[in-house]
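Residues per chain, in single letters:
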Amino acid sequence: SACLVGSEMCIRDSPVTKDFVTVQLLTGLRGGELLALTPDDIDIKNKTLRVNKTKHASGVFTSPKTLSSIRTIEIDDITLEILMRYINSSDTLFDTTIGTINYNLKDLRLSTHMFRHTHVALLVEAGVPIKVISERLGHSKIDTTLDIYTHVTKNMKLDLRKKLNNLCADFAQK
């Protein structure tokens, strides 16, 4: 199970939770979009994923959040490998609920949506154009993507400030 180093906090021995959040981190899918995926949504040959529905906490399936949320995204080999493990498990790939996943993440003080936000930050840091990221996430407006990135990077800037202060202290002592 996934654990924080030097900590007793773990994803509660749940390979499904670990796989679910890994796919979220690598695709940026909303939790409901990931829960709604079926084997037919995976194009193995072209390594793409079709996002065209969402599963609500009530168990009801609907079309995604907005029209621009209907999309086809590129996926990497790790994501494909994880999704392939769940192809025969049920009608949908992940036979679980957002409540269960979030419960398993609770001790780590994480939620499923954090992995979507982290996906944005990783892509921006990797130099992927914001318009491409926005389309990948199914945002109808680039502003939504920028807001998420700003939110995620605020903490990174605080961390940078601490590191710069430490560097300055080191220089002053030399």
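Scroll up to find the structure.
Scoring rules and cut-offs
- Within each chain, residues carry numbers counting from 1 in the order of the written sequence.
- Note on the predicted model: pLDDT of at least 70 is required for a residue's local features to be given, and 80 or more for side-chain atom pairs to be given and counted; whole-chain, interface and lining totals, by contrast, use all residues.
- For side-chain calculations, the full set of non-hydrogen atoms in the structure is used, while hydrogens and water are omitted.
- Each salt bridge in this description consists of a side-chain nitrogen of Lys or Arg and a carboxyl oxygen of Asp or Glu lying within 4 Å of one another.
- For the purposes of this entry, the term helix denotes a DSSP run of H or I that reaches at least four residues, the term strand denotes a run of E that reaches at least two, and both are numbered from the N terminus.
- Between buried and exposed lies partly exposed: a residue is buried under 20% and exposed over 50% of the maximum accessible area for its type, with that area taken using a 1.4 Å probe on protein chains only.
- Under this scheme, a helix contributes an axis fitted over its contacting stretch, all axes are lines through C-alpha atoms, and angles between N-to-C directions fall in the 0 to 180 degree range.
- Oblique is the label for every angle not falling under 35 degrees (roughly parallel), over 145 degrees (roughly antiparallel), or within 65 to 115 degrees (roughly perpendicular).
- What makes two residues a contact is simply this: any of their non-hydrogen atoms within 4.5 Å.
- Residues are grouped as follows: nonpolar covers Ala, Val, Leu, Ile, Met, Phe, Trp, Tyr, Cys and Pro; charged covers Asp, Glu, Lys and Arg; every other residue, Gly included, is treated as polar.
- Only strands joined by at least two bridges in the DSSP assignment are considered to pair.

1. What about the pattern of salt bridges?
All told, the structure shown has 8 salt bridges when counted by the stated rule. Arg 71 is the salt-bridge partner of Glu 33, the closest N and O atoms lying 2.8 Å from each other. On the criterion of sequence distance, the pair formed by Glu 33 in helix H2 (residues 31–35) and Arg 71 in strand E5 (residues 71–74) is long-range, its members being 38 residues apart. Each member of the pair, Glu 33 as well as Arg 71, carries the same accessibility label: buried. Residue Glu 81 is joined to Arg 85 by a salt bridge in which the shortest nitrogen-to-oxygen separation is 3.7 Å. Here Glu 81 and its partner Arg 85 are both found in helix H3 (residues 77–85), 4 residues apart, which amounts to about one turn of the helix.

2. Things to note about the packing of helix H1 (residues 15–27) against helix H4 (residues 98–105)
In the contact formed by H1 and H4, the axes pass within 10 Å of each other and the chain directions differ by 100°. Looking at the two axes, H1 sits roughly perpendicular to H4. Across from Thr 17, Phe 20 and Val 21 in H1, the residues of H4 making contact are Ile 98, Ile 101, Asn 104 and Leu 105. Tallied by class, the residues present in the contact of H1 with H4 amount to 5 nonpolar, 2 polar and no charged.

3. A short note on the sheet that holds strand E1 (residues 42–43)
Taken together, the 3 strands give an open sheet; going across it, the order is E1-E2-E5, and neighbouring strands pair in antiparallel fashion. A single partner strand is all that each edge strand has here, and the edge strands are E1 and E5. When strand E2 (residues 48–51) meets E5, the two strands line up antiparallel, connected through 4 bridges. Within E5, the position partnered with Val 51 by the bridge is Arg 71.

Nothing here speaks to function; it is geometry throughout.
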